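Chains, contacts and geometry: an overview
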Amino acid sequence: MNPTLHSILAFVQTWWVELLCAVLIVLVVPLIAGYLVLVERKVMADMPARLGPMRVGPHGLLQPIADALKLLIKEDSIPDNADRFIFWLAPVLSMTAALTSMGAIAFGPWFQVARDINIGLLFVVGVSSLGPFGIVLGGWASNNHYSIIGALRSTAQLISYETTAGFALVSGLLLAGTLNVRAIVEAQRTDHAWYIFLAPVGFSTYLIASIAETNRAPFDLPAAASELVAGYMTEYSGFRWSLYFVAEYANMIVVASVGTTLFLGGWLRPFPNVHWLGWLDAAPILLLAAVGVYYVFRAGKQPARVQSLVMWAVAFFSLVVSAIFVFASPFSHLPLAKMHDGLYGAFWFLLKVSAYIYIFMWLRFTLPRFRFEQLMRLGWHILIPLALVNVVGVAIALALHSEFSWNRWLATFFTTLATLGAAMMLLRWNDKYSAAVSAALLADSSIAEDPHAG
Amino acid sequence: MLDSVIFYFFAGIAVISAALMVTRRNAIHSAVFLITTLLATAGIFLQLRAEFLFIAQIILYVGGIMVLFIFVIMLVRLDVPLPQIRSGLQKWIALFVALTVGVEAGVVIFLARKAPGQGLLIPNPAPADKLPPNTEELANSLFRSYLLPFEIASVLLLVAMVGAVVMAKKRTEAP
């Protein structure tokens, strides 16, 4: 046999699980991004009691596919004065960074591309920090004022909030004592607590910073439609535009996965060490069976024959799969049991990630947008000091626990109180200071004479 | 086999994009090729089993410093003042620096070649099949063996940062 072919075959034989996971991520994430858009439109419609997309497919379920087709056949226009090379490169860079950083995320105990890298979480954060290049280069290459202002805003925002997110992650990593993603989740099992309870301030700051990092409302200044048309994406159309779009939603999944892994217990079920809650282990299968039973009852009542056929098919599928898992559970040596472990972990992980992303959407339709200097003030004056103080607080709690054998919850309680007290003091000082500064600015004649000021 | 393929792949990318970085007229293009060089260097770190250095290179140089570079390049119109900065002396300085670095690299390679068939001497080579816990080792040497130099460097950087803020600050009467 050809030696090159042979070595390739050997490579595939050793790494086929990882390769399969990688291919699956690349194939599935754009689809998930499309459906996240649908979910977002449904949530947006639900808040003022509207229906959202209803025309394409039952309850608009095929809307993402119609949207994708439309984007694919749209004209791909490049402005005359654009820098063609960078214009081509920028969306590809965004997409690559978002998809590559998913490589180290464990979507359950078995589904992870880069299985045993010691820098796991750092890899995710580091590679996803390449995303801003796509935005800033795209905005510059478009040669358009809206684009470049959007790009500059976005870069400034990302640099500011990456620091906060980093310190928030440090407070969680201090508790875990490792960067390996799987070890972090296992540490939360042996510590008998999700780290959201041991570092509540860290989780809050990470949540805020992650919203800002994904450029979503109320931090969506880089693409503020009422000010900048579409910000850095103004000149993009068709497939390039959809690359940006998929990258944005993939980034949401990445930050939500990082938050879930570090603070929400990864793929562990709620209260993983409480035995009488053990029935929660069966929740995914029960849910699948419940969906099957519901569809059996609803299938006959559908107006169109196609719809009822589809519903019968879904019901059959979910009942059969749940039956297989129920009857296979005693035979734990079978590979099926391993698969059950993986599915069960992925269920809880994806549930938590979805809840996290739902918070993003909820906030988007609830809060008004920040002004730019408010955004910077929140980032630099409040969040970064708070996150810094919190790192010290968590370290003190850890030291009290290990050196002076305090109760861990007591130590956490006191240091959290101290952190919040420090934050309160910061806020008061900050309010006083910024009031004084704006008074001084108003007194400055050059600003007062500017007709566009205020 | 695979190791050397990976090494030459990344080294080739690094060298080619470094050359492109110097020759491009457009500052943004240069920055993009500098990013490519840094990423390829990070790839070489990974090939050498230094995964922490790999990600530190990406986070610090690519994700931090280069973003700031591009930010500044976009804010400042470089195409206007650039010809004024350029002087005749620049060419000679560049030649001198390049020659020095070249001679240095040549000496290192020559000294390493003294033992026939041997490369540079590595005291404790990492096993190829298992990655050493880089992060822990780096932390141990930084915070145990070399704590004082590390702290001195940190204070120096802090002083530089405070100095930059003071110099850039707009002077308004603080009430």
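Residues numbered from 1 in each chain as written. Chains lettered and ligands numbered in written order. Predicted model: local features only at pLDDT ≥ 70, side-chain atom pairs only at ≥ 80, totals over all residues. Heavy atoms only, no water.

Section: the nonpolar core
Grouped together as the largest cluster of nonpolar side chains are 110 residues, with contacts concentrated most on Met102, Phe133, Leu137 and Tyr206 of chain A together with Ile70 of chain B. Tallying contributions element by element places helix H11 (residues 238-263) of chain A first for this core, with 13 residues. With sequence-adjacent residues up to four places away left out, methionine 102 of chain A is seen in contact with Ile25, Val29, Phe107, Ala250, Ile253 and Val254 of chain A. With five residues, the next largest nonpolar core counts Leu277, Leu280, Tyr344 and Trp348 of chain A among its residues. (Core = buried A, V, L, I, M, F, W, Y, C linked by side-chain atoms within 4.5 Å. Buried < 20%, exposed > 50% of the residue type's maximum accessible area, 1.4 Å probe, protein only. Helix = DSSP H or I, 4+ residues; strand = E, 2+ residues; numbered from the N terminus. Contact = heavy atoms within 4.5 Å.)

A look at the environment of tyrosine 356 of chain A
Residues and elements named next belong to chain A. Tracing the sequence through the fold places tyrosine 356 in helix H14 (residues 335-364). Taking relative accessible area as the criterion, tyrosine 356 reaches 2% and is therefore assigned buried. It is 5.9 Å that separates the C-alpha atoms of tyrosine 356 and alanine 256, two residues lying 100 residues apart in sequence. Reaching out from tyrosine 356, the side chain makes a polar contact with the side chain of serine 210 at a distance of 3.2 Å. (Polar contact = N/O pair within 3.5 Å; in protein donor to acceptor, adjacent residues only side chain to side chain.)

Comments concerning the pattern of salt bridges
All names here are of chain A. Summed over all chains, the structure comprises four salt bridges over all chains. Close ionic contact of glutamate 40 with arginine 216 constitutes a salt bridge, the shortest N to O distance being 2.5 Å. Taken together, the positions of glutamate 40 in helix H1 (residues 3-46) and arginine 216 in the loop between helix H9 (200-213) and helix H10 (225-228) put the pair 176 residues apart, joining distant regions of the chain. On the basis of relative accessible area, glutamate 40 is assigned to the buried category, the value being 2%. On the basis of relative accessibility, which here comes to 3%, the residue arginine 216 falls in the buried class. For the salt bridge of arginine 41 with aspartate 67, the shortest nitrogen-to-oxygen distance reads 3.8 Å. Of this pair, arginine 41 sits in helix H1 while aspartate 67 is found in helix H2 (residues 63-72), placing the two residues 26 residues apart along the sequence. (Salt bridge = Lys/Arg side-chain N within 4 Å of Asp/Glu carboxyl O.)

Things to note about a nonpolar patch on the surface
Taken together, the side chains of Ile8, Phe11, Val12, Trp15, Trp16, Val17, Leu19 and Leu20 of chain A together with Leu2 of chain B present a nonpolar region at the surface, about 860 Å² in accessible area. Top contributing element to the nonpolar patch by residue count: H1 of chain A, with eight residues. (Patch = residues over 30% accessible without salt bridge, like charges linked within 9 Å, V, L, I, M, F, W, Y side chains within 5 Å. Areas by Shrake-Rupley, 256 points an atom, 1.4 Å probe, with all protein chains shown as cover.)

Considering the interface of chain A and chain B
Between chain A and chain B, the contact holds 25 residues from the first and 28 residues from the second. Overall, the association of chain A and chain B removes approximately 2,300 Å² of surface from exposure, summing both partners, and the carbon and sulfur fraction of that is 82%. In this structure, the connection of chain A to chain B is made through zero salt bridges. Inspection of the region where chain A meets chain B yields zero residue pairs in polar contact (both at pLDDT 80 or more). At the level of elements, helix H3 (84-101), helix H4 (120-128), helix H5 (131-141) and helix H6 (145-176) of chain A are the ones that each hand at least two residues to the side of chain A that touches chain B. In terms of residue count, H6 of chain A provides more of the side of chain A that touches chain B than any other element does, six residues in total. (Buried area = accessible area lost by both parts, 1.4 Å probe.)

Side note on helix H7 (residues 181-190) of chain A
Because each turn of an α-helix spans 3.6 residues, side chains separated by three or four positions in sequence point in the same direction. Residues and elements named next belong to chain A. Along H7, the residues classified as buried are Val181, Arg182, Ile184, Val185, Ala187 and Gln188. The N-capping residue of H7, defined by a side-chain oxygen 3.1 Å from the backbone nitrogen of arginine 182, is asparagine 180. Just beyond H7, the residue with positive phi is histidine 192, at close to 60°.

Looking at unusual backbone geometry
Residue and element names in this part refer to chain A. Phi at alanine 49 is positive, roughly 60°, even though this residue is not glycine. The phi dihedral of asparagine 215 falls on the positive side, at around 60°, and the residue is not glycine. Mapping asparagine 215 onto the fold places it in the loop between H9 and H10. For asparagine 215, a relative accessible area of 10% gives the class buried.

Some points on helix H1 (residues 2-23) of chain B
All names here are of chain B. An ideal rise of 1.5 Å per residue puts 32 Å on 22 residues; H1 measures up with 32 Å between its terminal C-alpha atoms. Those residues of H1 not exposed but buried are Ala11, Ala14 and Ser17. Seen along its axis, H1 keeps its buried residues to an arc of 145°; they face one direction. Facing away from the buried side of H1 by over 90 degrees, the exposed positions are Leu2, Tyr8, Phe9, Val15, Ile16 and Thr23. On its buried face, H1 sits against helix H2 (27-47). (Expected span 1.5 Å × (residues − 1). Arc of directions from axis to C-beta.)

Considering the confidence of the model for chain B
Of all residues in chain B, 78% have pLDDT values of 70 or greater, and the mean over the chain is 80. What the predictor reports for the complex is a pTM of 0.82 with an ipTM of 0.76. (pLDDT = per-residue confidence, 0-100.)

Looking at the side chain of glutamate 248 of chain A
In this structure, glutamate 248 of chain A sits in helix H11. Arginine 216 of chain A is the oppositely charged side chain nearest to the buried, salt-bridge-free glutamate 248 of chain A, at an N-O distance of 4.5 Å. (Lys, Arg positive; Asp, Glu negative; His and termini not counted.)

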